[in-house]
Amino acid sequence: MSLDPSRLAPMANAIRALSMDAVQAANSGHPGMPMGMADVAAVLWSKYLKFDPAAPHWPDRDRFVLSAGHGSMLIYSLLHLSGYAAPTMDNIRNFRQLGSPCAGHPENFLLDGVECTTGPLGQGVAMAVGMAIAERHLNAHFGDGLVDHRTWTVAGDGCLMEGINHEAIGIAGHLKLGHLNVLWDSNAITIDGGTDLSTCEDIPARYRATGWHVTECDGHDFADIDRALAEAYAETSRPTLVVCKTVIGKGAPNKQGTSATHGAPLGAEEIAAARAELGWDSPPFEVPEPILADWRSTGEAGAASHAQWQKRCDASPHKAEFLRRMAGDLPAGDEAAKAFAEWLGKSQNIASRKASELALEVLTPLLPEMIGGSADLTGSNNTKTKATGPLTAADYGGRYLYYGIREFGMAAAMNGMVLHGGVIPYGGTFLIFSDYCRNAVRLSALQQVRAIYVFTHDSIGLGEDGPTHQPVEQLMSLRLIPNLNVFRPCDVIETAECWNLALQHRDTPSVLALSRQNLPQLRNDGDMLSAKGAYRLRGASAARKVVLVATGSEVALAAEVADCLEAEGIGADVVSMPCAELFELQDQSYRADIFPADVLKVSIEAGSTLGWERYTGHDGINIGLNRFGASAPAEELFAKFGFTADAIVPKILNKINY
């Protein structure tokens, strides 16, 4: 549609009316941002954004990310007004209420058109970077005919203050992601008040310094907005920041431009004044038909583009492969299983990080959708393979990203890649640095995406780097996150199984916690036992009195302890638990068989013992580390902190004989 201000102004005011009315009805929410960005959004959706409300999952649609997720009524208004099946007006009327898909912050699993879950500020920008990476990568493989779209994100002052913004824009600038555009809602207001209370940064200069193109507009002048968005659209060699100078709460005559509109309802009196100011005569949650018709027409160009794309897709020899990747289906074939089966007859004494590299050498040639990377620890994480050449600004077809020292930015970008579709990302760092990216890992779980985190150097076994680098609480802390599979394999066979399982779980992210030190091969069978989460690695020979449960590097120690107990005539099962989350999914009879009620249960893990009582009971024994480590060779540290058979066996004997 043409950009006629006489039509755009009422369209923008529809956003303002819905936003202030929904927040007022909920007595909770953030009306200021959607009211301030309504004019920019009206221009973007009317002329630049490529979308088809009837086909919200069309692969070549533009991605729109509301990084400033607290202003969720902006995206809810836009989706409803432009003709998406949901949210309905009843959904909007029930904003922030139980059962409404219009949650306080946008959630990708509740509404089509919400590309990602946002709210933790800055992560939307970083996920948009990941989406833009995926778009350019798939374009390099499938061409403009199938993949040629843009990623647009609306970010607020808070998004640009967060540290992750610095990481994300550095990645995007370095990769010259010209199809990425950030629209900065520059209203100079935060919850506490004016931004001058907390910052004096020259944000456009920061973006320019990282290789971005920067332009600016009056966020309430339709012609100027159009000019800036056209400039951003035309710039394809660099990502673009559009500085949209706006007034928060625009249209609320007594509160606009103040923090009073940021995170609270305007109040009945101010809403009445805003209606008069805007010339909006309709009752709450009603949009006049002519205005709604103008909004519904915004998707017409996208629908036509979709139809043209569909013809190109149908004629493409790459159609099946492209759609397979976008659907997230794994390729058919048993080549990986055959390769891993050859390991069963071997006896490989290698670190699980090295076993992971060997597994990736098998998997990455077979799964071209896998894109690896590391936060500057490639040689330590063992994440690069022969099949994964570098993904760079000169070659978007590569399959390995050098993220630099940007753990948080890496994890959020991985989320964006998965959400875009067509890519399965995995990224590495040390387990201790999972704390840097924890909130993005949490969003992986919340958004139900297949992101795979390779966290190596998983215990005091990393040795001399000392307690700053030695994880203690990280494993248990990660296990607290719902819908996250935390794998800690004990040998090369379990490592291959854990990679297999991580790839199979398309709605659940995975952590692979891997050792620096070598681990003996304990398995020579190919029964995919890790799928149970925990299994009896070795049954007792004598009458069973003890069950030893361990993970990762401590499984071999548990086997040694069992040998000592058996020598004393005490039967001991050895249970390997590579993934507690999968074990919890097993039926009660299986779990009771693994952990029978009438025996002493002992857990062994080189980390926090908190949580192991779930399996050992309070009358069991929990061998672990509830203090920080030390700097020394790994063997000395394991001895010092009691991770030896000589230290553990007497504790068990004393307990049994007590």
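Residues numbered from 1 in each chain as written. Predicted model: local features only at pLDDT ≥ 70, side-chain atom pairs only at ≥ 80, totals over all residues. Heavy atoms only, no water.

Novice: So what about the state of the cysteines? Which residues, and what values?
Specialist: A complete count under the given rule lists 0 disulfides for this structure. The thiol of cysteine 217 is not disulfide-bonded; the next cysteine sulfur, from cysteine 244, is found 4.0 Å away. Given a relative accessible area of 3%, cysteine 217 falls into the buried group. (Disulfide = S-S within 2.5 Å. Buried < 20%, exposed > 50% of the residue type's maximum accessible area, 1.4 Å probe, protein only.)

Novice: I'd love a proper account of the sheet that holds strand β13 (residues 485-487), names of residues and values included.
Specialist: Pairing within the open sheet is parallel, and its 6 strands lie in the order β10-β9-β11-β12-β14-β13. Strands at the two margins of the open sheet, each flanked by one partner only, are β10 (400-402) and β13. Between one strand axis and the next, the sheet turns by 20° as a mean value, whatever way the strands run. Of the strand pairs in this sheet, strand β9 (residues 370-374) and strand β11 (residues 424-430) are connected by 3 bridges, and their pairing is parallel. Its bridge partner being in β11, methionine 370 is matched across the sheet by isoleucine 424. Each of β9, β10, β11 and β12 (452-456) is contacted by helix α17 (residues 407-420), which is oriented at about 165° to β11, the strand it contacts most. (Pairing = 2+ DSSP bridges. Helix = DSSP H or I, 4+ residues; strand = E, 2+ residues; numbered from the N terminus. Axes fitted to C-alpha atoms, helices over the stretch in contact; angles between N-to-C directions. Contact = heavy atoms within 4.5 Å.)

Novice: Can you tell me about unusual backbone geometry, naming the residues and giving the values?
Specialist: Geometrically, the link from alanine 86 to proline 87 is a cis peptide bond, its omega value of 10° lying close to zero. Relative to the elements of secondary structure, proline 87 occurs in the loop between α3 (73-82) and α4 (89-93). You will see that arginine 96, though not glycine, has its phi angle at about 70°, which is positive. You can see arginine 96 is positioned in the loop between α4 and α5 (123-142). Positive phi values are uncommon outside glycine, yet aspartate 376 reaches one of about 70°. On the secondary structure map, aspartate 376 appears in the loop between β9 and α16 (378-381).

Novice: Could you give me a rundown of empty space enclosed by the protein, with the residues and numbers involved?
Specialist: As enumerated under the stated definition, the model contains 3 cavities of 30 Å³ or more in all. There is about 100 Å³ of room inside the largest cavity. Phe51, Asp62, Tyr84, Gly113 and Glu115 are, among the 14 residues lining the largest cavity, the residues nearest its centre. Of the residues in the lining of the largest cavity, the class split is 8 nonpolar, 1 polar and 5 charged. Taken as a whole, the second largest cavity encloses approximately 40 Å³ of empty space. Forming the boundary of the second largest cavity are Phe64, Val65, Leu66, Ile75, Pro106, Gly113, Val114, Glu115, Cys116 and Thr118. Per-element tally for the lining of the second largest cavity: the top contributor is strand β1 (residues 63-66), with 3 residues. (1 Å grid on protein atoms, 1.4 Å probe; cavity = no way out; pocket = protein on both sides within 12 Å on 5 of 7 lines; lining within 4 Å. Points joined across faces, edges and corners; volume = space filled by probe spheres on them. Nonpolar A, V, L, I, M, F, W, Y, C, P; charged D, E, K, R; others polar.)

Novice: Describe the side chain of threonine 551, and please don't skip the residues or the numbers.
Specialist: If you trace the backbone, threonine 551 turns up in the loop between β17 (544-550) and α21 (554-567). Given a relative accessible area of 0%, threonine 551 falls into the buried group. At 2.8 Å, the side chain of threonine 551 forms a polar contact with the side chain of arginine 488. (Polar contact = N/O pair within 3.5 Å; in protein donor to acceptor, adjacent residues only side chain to side chain.)

Novice: Tell me about helix α26 (residues 645-657), and please be specific about residues and values.
Specialist: Look at α26: 18 Å from first C-alpha to last across 13 residues, which is about the 18 Å you get at 1.5 Å a residue. Those residues of α26 that fall on the buried side of the exposure criterion are Ala645, Ile648, Val649 and Ile652. The buried residues of α26 occupy an angular sector of 100° when projected down its axis, which confines them to one face. Of the exposed residues in α26, those oriented more than 90 degrees away from the buried face are Asp646, Asn654 and Asn657. Buried-residue contacts for α26 involve β17, α21, β19 (600-604) and β20 (621-623). (Expected span 1.5 Å × (residues − 1). Arc of directions from axis to C-beta.)

Novice: Describe the packing of α5 against helix α7 (residues 163-175), listing the residues and the values that go with them.
Specialist: Viewed as axis vectors pointing N to C, α5 and α7 meet at an angle of 20°, and their least axial separation amounts to 8 Å. Between α5 and α7, the crossing angle belongs to the class labelled roughly parallel. Crossing angle aside, the handedness with which α5 passes α7 is left-handed. Here Gln123, Val125, Ala126, Val129 and Ile133 of α5 come into contact with α7, specifically with Ile164, Asn165, Ala168, Ile171, Ala172 and Leu175. Residues that form the contact of α5 with α7 fall into these classes: 9 nonpolar, 2 polar and no charged. (Parallel < 35°, antiparallel > 145°, perpendicular 65-115°, else oblique. Left-handed = near helix turned anticlockwise from the far one by under 90°.)

Novice: So what about the side chain of glutamine 123? Which residues, and what values?
Specialist: Mapped onto the elements of the fold, glutamine 123 is located in helix α5. When near neighbours in sequence (up to four residues on either side) are disregarded, glutamine 123 contacts Ser67, Ile164, Phe408, Ala412, Asn439, Ala440 and Leu443.

Novice: Lay out a nonpolar patch on the surface in plain terms, naming residues and giving numbers.
Specialist: On the surface, Phe109, Leu110 and Leu446 cluster together into a nonpolar patch covering about 220 Å² of accessible area. When you line up the elements, leucine 446 lands in helix α18 (residues 438-447). Looking at leucine 446, the relative accessible area reads 33%, which means it is partly exposed. (Patch = residues over 30% accessible without salt bridge, like charges linked within 9 Å, V, L, I, M, F, W, Y side chains within 5 Å. Areas by Shrake-Rupley, 256 points an atom, 1.4 Å probe, with all protein chains shown as cover. Salt bridge = Lys/Arg side-chain N within 4 Å of Asp/Glu carboxyl O.)

Novice: Could you give me a rundown of the pattern of salt bridges, with the residues and numbers involved?
Specialist: A full pass over the atoms with the stated rule returns 31 salt bridges. Of the charged contacts, one joins arginine 136 and aspartate 148 as a salt bridge, the two residues approaching to 4.0 Å between their closest N and O atoms. Highlighted residues: arginine 136 in helix α5 and aspartate 148 in the loop between α5 and β2 (151-156), separated in sequence by 12 residues. A salt bridge links aspartate 573 to arginine 536; the shortest N-O distance between them is 2.9 Å.

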